[in-house]
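Residues per chain, in single letters:
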Amino acid sequence: MARKIIIDTDPGQDDAVAILLALGSPELEVLALVAVAGNVRVTQNAHNAMQILEVAGRPDVPVYIGCERPMRHPLITAEYVHGSSGLDGPTLPEPTTPFQTQHGVDYIIDTLMAHEPGTITLCCLGPLTNIGMAIVKAPQIVSRIKEIVLMGGGCFEGGNITPAAEFNIYVDPEAADLVFRSGVPITQVPLDVSHSMLTTKARVQRFHDMGNRVGTVTAEMLEFFERFDEQKYGWEGGPLHDPCVIAYLLKPELFKGRHINVAIETASELTRGMTVADYWGVTGRAKNVNYLRSGDSDGFYALLFERLARLP
Ligand code: BDR
Ligand code: CA
């Protein structure tokens, strides 16, 4: 039976590729996409999610709108990475279906309560605001979540928005703190993994050569997306962060990591949003996270090519 997932997201070119990877994979049943404020404002993120569903020929997947801003701090967005739409690059079809009217947080709560405990996995590709709010509003959901697999944080690679913090955690550290302390089984895909998943010219060409609509759109998205990190780091491509979350569900053997304690810094101005990863077990704090440290980038891209080729 396919694994049921809810994708909480702020698309984002890399979020978009993650969504496409999930839709191209029969092992996964995408129950819904829930938008969160992050790369751009939440309604624009929801719109972007619907455009990706159109590209994939799956406008039947419902899209919910979640929280407009982080729990405590003002929203910080990332148009400088993703473009003014949040999803610059290709010309995308306009959505043909309306948003769902229920709030995204209530959808998450109701869905977890309506399904057997331990059957729904939350895939988190943006700030953790919706999940944090769902836990505050309905703490009884905690024991019903099978697993949270999230992209966020870093240890060995440092941060990408400050020297200490990665964007998704930095935008809403209070929500991240709640999630990391919740007791839900968590797998964390940090920058330590995603920074090795570089697009490269040859890999983008593979998407162009795929011959389907999804391949062309993916190539055009990545050509826009990679320019920022190429300039910043001097790399030969951009890091595909969020698709690692879905790839981990499909092929966990592509990744290496260990169970450790990870705590979120919420107080310090200097290091706010840092994922303090006790990789060497020096604190004695309880292990709460399956922390992925590295991944097989050729295997990861082979999976992407194979699955995205199945889409229209
Ligand atoms: C994360 O930040 C976003 O801009 C990307 O979509 C990804 O989720 C990487 O730091
Ligand atoms: Ca994202």
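A short tour of the structure in this document, coming up. (Residues numbered from 1 in each chain as written. Chains lettered and ligands numbered in written order. Predicted model: local features only at pLDDT ≥ 70, side-chain atom pairs only at ≥ 80, totals over all residues. Heavy atoms only, no water.)

The protein atoms donating to the calcium ion (ligand 2) are Asp-10 (OD), Asp-15 (OD), Asp-15 (OD), Leu-125 (O) and Asp-242 (OD), with metal-donor distances spanning 2.2 to 2.6 Å. Along the chain, the residues donating to the calcium ion (ligand 2) fall in the pattern D-x4-D-x109-L-x116-D. Linking Leu-125 in the loop between strand S4 (120–124) and helix H5 (129–137) with Asp-242 in the loop between helix H10 (213–233) and helix H11 (243–250), this pair joins segments that are 117 residues apart in sequence. For the pair shown, Leu-125 and Asp-242 are each scored as buried. (Donors = N, O, S within 2.8 Å, 3.2 Å for Na, K, Ca; no water. Helix = DSSP H or I, 4+ residues; strand = E, 2+ residues; numbered from the N terminus. Buried < 20%, exposed > 50% of the residue type's maximum accessible area, 1.4 Å probe, protein only.)

Here we come to the sheet that holds strand S10 (residues 289–295). With respect to topology, eight strands assemble into an open sheet ordered S3-S2-S1-S4-S5-S6-S10-S7, the strand pairing being mixed. At either margin of the open sheet sits one strand with a lone partner, and together these are strand S3 (63–65) and strand S7 (255–260). Adjacent strand axes in the sheet meet at a mean angle of 25° when their direction is disregarded. The strands touched by helix H4 (residues 104–114) within the sheet are strand S1 (3–9), strand S2 (28–35), S3, S4 and strand S5 (145–151), with S2 carrying the most contacts at an inclination of about 150°. (Pairing = 2+ DSSP bridges. Axes fitted to C-alpha atoms, helices over the stretch in contact; angles between N-to-C directions. Contact = heavy atoms within 4.5 Å.)

Further remarks concern the site of ligand 1. Around ligand 1, a shell composed of Asp-14, Asp-15, Asn-39, His-82, Leu-125, Met-151, Asn-160, Glu-166, Phe-167, Asn-168, His-241 and Asp-242 is seen. Contact distances for ligand 1 include 2.7 Å between an oxygen atom and a side-chain N or O atom of Asn-39. A distance of 3.0 Å is found between an oxygen atom of ligand 1 and a backbone nitrogen or oxygen belonging to Leu-125. Alone, ligand 1 offers 280 Å² of accessible surface; in the complex the protein occludes 96% of this. Judged by its atoms lying within 2 Å of the grid points, ligand 1 is housed in the largest pocket. Elements that contribute at least two residues to the shell around ligand 1 include exactly helix H1 (13–23) and helix H6 (167–171). Counted by class, the shell around ligand 1 contains three nonpolar, five polar and four charged residues. (Near = heavy atom within 4 Å. Polar contact = N/O pair within 3.5 Å; in protein donor to acceptor, adjacent residues only side chain to side chain. Areas by Shrake-Rupley, 256 points an atom, 1.4 Å probe, with all protein chains shown as cover. 1 Å grid on protein atoms, 1.4 Å probe; cavity = no way out; pocket = protein on both sides within 12 Å on 5 of 7 lines; lining within 4 Å. Sits in = over half its atoms within 2 Å of the grid points. Nonpolar A, V, L, I, M, F, W, Y, C, P; charged D, E, K, R; others polar.)

On to the layout of surface pockets. Vacant regions in the atomic arrangement are exposed by a probe of water-molecule size rolled over the atoms. In this model, the largest pocket occupies a volume close to 270 Å³. When residues of the lining of the largest pocket are traced back to their parent elements, those giving at least two are H1, helix H3 (79–82), H6 and H10. With five residues, H10 is the single largest residue contributor to the lining of the largest pocket. Its residues assigned to classes, the lining of the largest pocket shows ten nonpolar, six polar and seven charged. (Points joined across faces, edges and corners; volume = space filled by probe spheres on them.)

All chains considered together, the criterion is met by eleven aromatic pairs. Ring geometry for Phe-156 against Tyr-279: centres 5.1 Å apart, planes inclined by 85°, an arrangement best described as edge-to-face. Of this pair, Phe-156 sits in the loop between S5 and H6 while Tyr-279 sits in the loop between strand S9 (275–277) and S10, and the two are 123 residues apart along the sequence. Given a relative accessible area of 35%, Phe-156 falls into the partly exposed group. Note on Phe-300 and Tyr-301: the rings are 5.1 Å apart at their centroids and 85° apart in plane angle, and the pair reads as edge-to-face. Accessibility classification places Phe-300 together with Tyr-301 in one group, the buried group. Taken together, the ring pairs connect Phe-156, Tyr-279, Trp-280 and Tyr-291 into an aromatic cluster. One residue, Arg-293, lies across the ring of Phe-156, its end atom 3.5 Å from the ring centre. (Phe/Tyr/Trp six-rings, centres within 6.5 Å; stacked < 30°, edge-to-face > 60°. Lys NZ or Arg CZ within 6 Å of the ring centre and 35° of its normal.)

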